[in-house]
Amino acid sequence: MSELRYVYQYEVVAVILSLISAGVMLYRRNLKRRKNKLFFVILIMMAVSGIFDVMADILINTITKETAAGVPVTVDMNLLSFVQGAFLFVHNSTPFMWFAYVNTMISKSKNRKRFFALASIPCVIELLLIVTNPFTRWVYYFEDYSYTHGLGIYVLYLIAGAYLFVSLIQTIKYWSILPKGHAAFVVAFTALTVFGISFQLLVSNMLIELFVESICLLFMTFTLETEIQTRNPVTKLYNRPSFVYEVQKNLFHHDKRELVLLKLADMGHMNSMLGVNPVSMAVADVGVFFITLDKNRCYDCDNGNLALIFDDTIERDKLMERIKERFEHPFGDENNHIHFYPSYIYLSIPQDISSIEEIDLLINDTYVKEGQYDKEVLVGLKRRVEVEEAIQRALDNETLQVYYQPIYSRADNRINSAEALARIFDDKLGFISPLEFIPAAEKSGKIGPLGKLVFKKTLQFYSDHKNELKNLEYIEVNLSVAQLNDPDFYDTFSSIAGIYDVPTSFINFEITESAFIDNQDYVLSVIDKFCKDGFSFSLDDFGTGYSNFSYLYDMNFKIVKLDKSILDKSAVNENADKTLHSMIGMLKDIRYKVLQEGVETKEQEDKLFDYGIDYIQGFYHSKPLPETEFLEFLKQNN
């Protein structure tokens, strides 16, 4: 027999590393999901196969030593044959387990059992070859104390290599849907296995295959196969990346699933009202409930968004009854009871959801009021994104148009001013109503640039048509809350105003009551700066929302504009009519000019004149007009 002796110390280290990895998973209780369980089994198989191989190597090295020394061989050959067979049995099962591990991450959920049953046939064949080897000697045998391979060993290598190769090809094909980092480690594991086998073919006594594989698995244990990275720290539910991975897999394979997204509350508002700690404790209690309900079905997608995935509507409806019943009661500890009033969004995968970006839209959207919703919510969000893109195009290309709605002065008996209003005509979406693009601009943070462009175009319009506009006293330009809270707002608008030859008195800014809600003193200070420069201000939409009179005492508005809704209600409700009359009288008594918006009929105008209104704005005199038509309108009416 050859005096070649196996260097098995690397395999001893491999056994130790595999057992350490398995111990870490047990300590961290990382055996919640099928993927984790398969990975744990692979670690145990690595350790067991390593133990058997070390035993076989020691026995073979003993035979080599005794043969070289010319002494009788004391090794029990039946024991050696068994140990070698046990090693091959466990070691050649590992590639199939690796194949199962990879496919658990990427395979379709349906027909899973049938798929793995068929895929296991080659593994069963190779295991049968190993089990029957004592009778057939087709895989290996010992002759004159020498370990010899039979033809069957190449079948084992072929099958094992096929499992690894298919796993690698699947990993590359499904790279985009694998959990972050897993694809790279699958490739690394395959490469290290090929390297280890190749090295052993060149240096047959240097057994490093298990060693390099165990190092790769050790890194995976500490970086990927950990529940800490997949769970939300507060609720202990699976986190948003885990949810995204699951949805991506279902979308990729067109697996039909039922998705329910729960929006618990406006978490920012709730934290500010009740405190972060009590709310966090209540949210943690929500997590306890869902873990008890079904820990592998619910995901915490942050900021009060929970997602549940069901196999079908029957399963969904059954569990949703329990969920809704639980939310009728408060969450938290005995000292802090907090009620959540979720909105429930029901969607089907893949019928209603075509991409993970659409899921992100739903999760990132703000809380909608309590109730049940369907795919129409998503349709609305997608439309809003399209509108936001159209707004950006209008800003980038400065294709935003400004229309002007005439304002009639009762005292002058003529059109004495106008309101500048933004209009968008997009090449892709066509005309977009202000009722649609203004809220979209506010949500997306584009309302500031939008208002800036309207201001710039209004000043340009005046500069280009001074003679035609000489009879107008002013033009009203709307300001948003976001603009007033921008620390650069005053400097930016003052700079724009300085570019154009426009008297500051010609610009009257409109602000709504909501501008004073969060920081009244700061807003008043900004207004004061503009007023000192000659600009004036009107209070828009008065009578709706907050109706706080305190800022009327602190700010000398040029005009107070009454919202259209007050006028509309006055036609059908006597108390509303009395309120309208009294409001006009009260504002005039404290020396404010009053304008009524939304006047559409002669009857409305006559009534308002009787109540003492100063200005009329609405379709009765004119709808908002583009620049050319507005100039023509002024010619004909002044």
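Each chain carries its own residue numbering, running from 1 in the written order of its sequence. Only residues with pLDDT of at least 70 are given local features in this predicted model, and only at 80 or more are side-chain atom pairs given and counted; all residues enter the totals for whole chains, interfaces and linings. Each side-chain value is derived from all of the structure's non-hydrogen atoms; neither hydrogens nor water enter the calculation.

A. Representation of the overall build of the protein. For helices the rule is a DSSP run of H or I covering at least 4 residues; for strands it is a run of E covering at least 2, with both sets numbered from the N terminus onward. A count of helical and extended segments in the protein gives 27 helices and 16 strands. Our radius of gyration looks at C-alpha atoms and nothing else; its globule reference is 2.2 Å times the residue count to the power 0.38. A compact globule built from 638 residues should have a C-alpha radius of gyration of about 26 Å, whereas the protein, at 38 Å, is more than 25% larger. Viewed in the frame of its principal axes, the protein has a C-alpha envelope of about 125 × 55 × 40 Å. Across the 638 residues in the protein, those meeting the buried criterion constitute 50%. It only takes one pair of heavy atoms within 4.5 Å for two residues to be counted as in contact. A sequence separation of at least 24 residues applies to 71% of the contacts in the protein between residues at least 6 apart. Per-residue and other accessible areas were derived by the Shrake-Rupley procedure at a 1.4 Å probe size, with only the shown protein chains allowed to occlude residues. Total accessible area on the protein is roughly 30,800 Å²; 56% of this is exposed by carbon and sulfur atoms. A positive count includes Lys and Arg, and a negative count includes Asp and Glu. His and the chain ends are not counted in either. For this purpose, a charge sits on NZ of Lys, CZ of Arg, CG of Asp or CD of Glu. Of the charged side chains in the protein, 62 are positive and 81 negative, and the gap between their average positions amounts to 4 Å. Each residue's exposure class comes from its accessible area (1.4 Å probe, protein chains only) as a fraction of the maximum for that residue type: buried when under 20%, exposed when over 50%, partly exposed otherwise.

B. Looking closely at the packing of aromatic side chains. Stacked, tilted and edge-to-face pairs are distinguished by plane angle, under 30 degrees for stacked and over 60 for edge-to-face with tilted covering the rest, among Phe, Tyr and Trp rings (Trp via its six-membered ring) whose centres lie within 6.5 Å. Counted under the stated rule, the structure contains 37 aromatic pairs. Aromatic side chains Tyr404 and Phe461 sit 4.6 Å apart centroid to centroid with 20 degrees between the ring planes, which places their arrangement in the stacked category. A residue pair is termed long-range when its members are at least 10 positions apart, and Tyr404 in strand 8 (residues 401–409) and Phe461 in helix 19 (residues 447–464) qualify at 57 residues. Accessibility assignment for this pair places Tyr404 and Phe461 in one class, buried. Among the aromatic residues, those joined into a cluster by ring pairs are Phe455, Phe489, Tyr490, Phe493, Phe509, Phe530, Phe535 and Phe537. Only when the NZ of Lys or the CZ of Arg is both within 6 Å of the ring centre and within 35 degrees of the ring normal is a charge said to sit over the ring. Note that Arg326 overlies the ring of Phe331, its terminal NZ or CZ placed 3.8 Å from the centroid. It is Lys529 that lies over the ring of Tyr490; its NZ or CZ is 5.4 Å from the centre.

C. Just the sheet that holds strand 6 (residues 343–349), in detail. When DSSP finds two or more bridges between two strands, those strands count as paired. Read across the open sheet, the five strands follow the order 4-5-3-6-7; overall the sheet is mixed. One side of each edge strand has no neighbouring strand; the edge strands of this open sheet are strand 4 (298–300) and strand 7 (371–373). Neighbouring strand axes in the sheet, compared pairwise and without regard to direction, differ in orientation by 20 degrees on average. Relative to strand 7, strand 6 is paired through three bridges, and the arrangement is parallel. What sits directly across from Ser343, in strand 7, is Gly371. Every angle, taken between N-to-C directions, lies between 0 and 180 degrees, and every axis is a line fitted to C-alpha atoms, over only the stretch in contact when it is a helix. Docked against the sheet, helix 12 (residues 240–253) engages strand 3 (257–263), strand 4, strand 5 (305–310) and strand 6, running at close to 35 degrees with respect to strand 5. Relative to strand 5, helix 14 (residues 276–294) is tilted by about 5 degrees, and along the sheet it contacts strand 3, strand 4 and strand 5.

D. Region of the structure containing the nonpolar core. In this structure, Ile391, Phe455, Phe509, Phe537 and Phe630 are the most contacted members of the largest nonpolar core, which totals 74 residues. Residue contacts for Phe537: discarding those within four places in its chain leaves Leu479, Asn508, Phe509, Ile511, Ile527, Phe530, Cys531, Met555, Phe557, Lys558 and Ile559. In these notes, a set of buried Ala, Val, Leu, Ile, Met, Phe, Trp, Tyr and Cys residues joined through side-chain atoms within 4.5 Å is what counts as a nonpolar core. In terms of nonpolar packing, the next biggest core, distinct from the first, is built from 55 residues, Ile63, Trp98, Phe116 and Leu127 among them.

E. Expanded view of the packing of helix 6 (residues 121–131) against helix 8 (residues 152–173). For the pair helix 6 and helix 8, interaxial distance at closest approach is 10 Å and the crossing angle is 155 degrees. Comparing the axis directions of helix 6 and helix 8 gives the class roughly antiparallel. At the point where helix 6 passes helix 8, the crossing takes the left-handed sense. Where helix 6 abuts helix 8, its residues Pro122, Cys123, Glu126, Leu129 and Ile130 lie against Val155, Leu156, Ile159, Ala160 and Tyr163. Side-chain classes are defined by residue name, with Ala, Val, Leu, Ile, Met, Phe, Trp, Tyr, Cys and Pro counting as nonpolar, Asp, Glu, Lys and Arg as charged, and the others, Gly among them, as polar. Split into classes, the residues belonging to the contact of helix 6 with helix 8 amount to nine nonpolar, no polar and one charged. For classification purposes, an angle smaller than 35 degrees is called roughly parallel, one larger than 145 roughly antiparallel, one from 65 to 115 roughly perpendicular, and anything else oblique. In this scheme, a crossing is called left-handed if the near helix is turned counterclockwise away from the far one by less than a right angle; it is called right-handed if the turn is clockwise.

F. Fine view of the state of the cysteines. When two cysteine sulfur atoms lie within 2.5 Å, the pair is treated as a disulfide. For the structure on display, the rule yields zero disulfides. Cys301 forms no disulfide, and the closest cysteine sulfur to it belongs to Cys298, at a distance of 8.3 Å.

G. Up close: the environment of Ser494. Relative to the helices and strands, Ser494 resides in helix 21 (residues 489–499). Taking C-alpha positions, Ser494 is 46 Å from Glu574, a pair spaced 80 residues apart along the chain. Every residue in contact with Ser494, bar those within four places of it in the chain, is listed here: Phe530 and Asp533.

H. Examining the pattern of salt bridges more closely. In the sections that follow, a salt bridge refers to a side-chain nitrogen of Lys or Arg positioned within 4 Å of a carboxyl oxygen of Asp or Glu. Enumeration over the complete set of coordinates arrives at 24 salt bridges. For Glu436, the salt bridge goes to Arg383, with nearest N and O atoms at 2.6 Å. With a gap of 53 residues between them, Glu436 in helix 18 (residues 434–444) and Arg383 in helix 17 (residues 375–397) connect regions that are remote in the sequence. Residue Glu436 is classed as partly exposed on the basis of its relative accessible area of 28%.

I. Structural context of the pairing of strand 8. The element strand 8 is largely enclosed, with a buried count of eight among its nine residues. Bridge count between strand 8 and strand 9 (residues 414–426): nine bridges; the pairing is antiparallel. Following the sheet pairing, Tyr403 is matched in strand 9 by Leu421. Here strand 8 folds back onto strand 9, and the loop between the two strands holds four residues, one of which, Asn413, carries a positive phi near 55 degrees.

J. Fine view of unusual backbone geometry. With an omega of 5 degrees, the peptide bond between Ile349 and Pro350 qualifies as cis. Mapped onto the elements of the fold, Pro350 is located in the loop between strand 6 and helix 16 (356–364). A positive phi angle is found at Asp302, which is not glycine, with a value near 80 degrees. Residue position: Asp302 is located in the loop between strand 4 and strand 5. Using a relative accessible area of 36% as the deciding quantity, one classes Asp302 as partly exposed. Non-glycine residue Asp541 carries a positive phi angle of around 55 degrees. By secondary structure assignment, the location of Asp541 is in strand 13 (residues 536–542). Taking relative accessible area as the criterion, Asp541 reaches 23% and is therefore assigned partly exposed.

Function cannot be inferred from these measures alone, as they are strictly geometric.
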